[in-house]
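What follows is each chain in one-letter form.
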Amino acid sequence: MSIYVYPGSFDPVTNGHMDIIQRAAKLCDKLVVAVLVNSSKNPIFTLDERVDLLKCAVKGIDNVEIESFSGLLIDYMKKKNSKVIIKGLRAVSDFEYELQMALLNKNLDSDIETLFMMTNIHYSFLSSSSVRELARNKGKIDGLVPDCIKDRIIDKFGK
Ligand code: COA
């Protein structure tokens, strides 16, 4: 059984992430979306909130599971018995950092492959931080995040 892992902060999940999740789920038997700790970021949503938002967003996609983990991605890969990390690339600016991460993980475990998927052109401008910035300043986030989580994001920043 092929198990792929799509890791990220998902603070919060956006339609750009959803596009990658939907496409990656077609390539494997099971896709585990893993909310991990990025030590260089201070998340707005708690780990549990980010997992809950993702669970709501992936309802209806049968072979997707949502989990969280604090520790190294490579240790999580072993725990899940998975050899493939899925990452989304939006622009050239993502490349340098992602290359470093992929090589670092490869150095830690040579059996692990990182597969990069090009983002949907419609979402190449989108990031979790821009969604947070819009919501914080009462801007519209319609069409940028799944409908079922929109109100919870708005509520987080106060109506
Ligand atoms: N659509 C929309 N946005 C996208 C996207 C897409 N297709 N692909 C990436 N993004 C955005 C995200 O929204 C996020 O935006 P933000 O910076 O505004 O929040 C950004 O790109 C990516 O950030 P993040 O989700 O944090 O992913 P990351 O590539 O920085 O990796 C972890 C985060 C958690 C996977 C990584 O830090 C990790 O593996 N941590 C565990 C510890 C570890 O093993 N470290 C490596 C060895 S030291």
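Rules and cut-offs
- Residues numbered from 1 in each chain as written.
- Predicted model: local features only at pLDDT ≥ 70, side-chain atom pairs only at ≥ 80, totals over all residues.
- Heavy atoms only, no water.
- Helix = DSSP H or I, 4+ residues; strand = E, 2+ residues; numbered from the N terminus.
- Rg over C-alpha atoms; globule rule 2.2 N^0.38 Å.
- Buried < 20%, exposed > 50% of the residue type's maximum accessible area, 1.4 Å probe, protein only.
- Contact = heavy atoms within 4.5 Å.
- Lys, Arg positive; Asp, Glu negative; His and termini not counted.
- Charge placed at Lys NZ, Arg CZ, Asp CG, Glu CD.
- Salt bridge = Lys/Arg side-chain N within 4 Å of Asp/Glu carboxyl O.
- Polar contact = N/O pair within 3.5 Å; in protein donor to acceptor, adjacent residues only side chain to side chain.
- Near = heavy atom within 4 Å.
- Areas by Shrake-Rupley, 256 points an atom, 1.4 Å probe, with all protein chains shown as cover.

A. View of the overall build of the protein chain. Looking only at helices and strands, the protein chain features six helices and five strands. Its helices and strands in sequence order give the protein chain the pattern β-α-β-α-β-α-β-α-β-α-α, from N to C terminus. A globule of 159 residues ought to have a C-alpha radius of gyration of about 15 Å, and the protein chain, at 15 Å, matches this closely. The dimensions of the protein chain, computed from C-alpha atoms along their principal axes, are 50 × 35 × 30 Å. Sorting the 159 residues of the protein chain into buried and exposed places 45% on the buried side. Taking the intrachain contacts of the protein chain between residues at least 6 apart in sequence as the baseline, contacts between residues at least 24 apart amount to 74%. In the protein chain, the 22 positive side-chain charges and the 21 negative ones have mean positions that sit 3 Å from each other.

B. Summary view of the environment of Lys80. Tracing the chain through its elements places Lys80 in helix H3 (residues 73-80). Separated by 49 residues in the primary sequence, Lys80 and Ser129 place their C-alpha atoms 29 Å from one another. Look past the residues within four positions of Lys80 in its chain and what remains in contact with it is Ile3, Val32, Glu65 and Glu67.

C. Here's a closer look at the pattern of salt bridges. Scanning the model with the defined rule gives 11 salt bridges in all. The residue Asp142 makes a salt bridge to Lys150 at a minimum N-O spacing of 3.0 Å. In this structure Asp142 comes out as partly exposed when scored by relative accessible area, which is 42%.

D. Local environment of helix H1 (residues 15-25). Across the 11 residues of H1, nine count as buried, placing the element largely inside the fold. Backbone nitrogen of Gly16 and a side-chain oxygen of the N-cap are separated by 3.1 Å at the start of H1; the cap is Thr14.

E. Main features of the site of the ligand. Near the ligand lie 27 residues; those nearest to it are Ser9, Lys41, Leu73, Lys87 and Ser129. Leu73 places a polar main-chain atom, nitrogen or oxygen, 2.8 Å from an oxygen atom of the ligand. Measuring from an oxygen atom of the ligand, one finds a side-chain N or O atom of Glu98 at 3.0 Å. Summarising the interface, the protein chains cover 85% of the accessible area of the ligand, which totals 960 Å² for the free molecule.

Any link to function would need more than the numbers given here.
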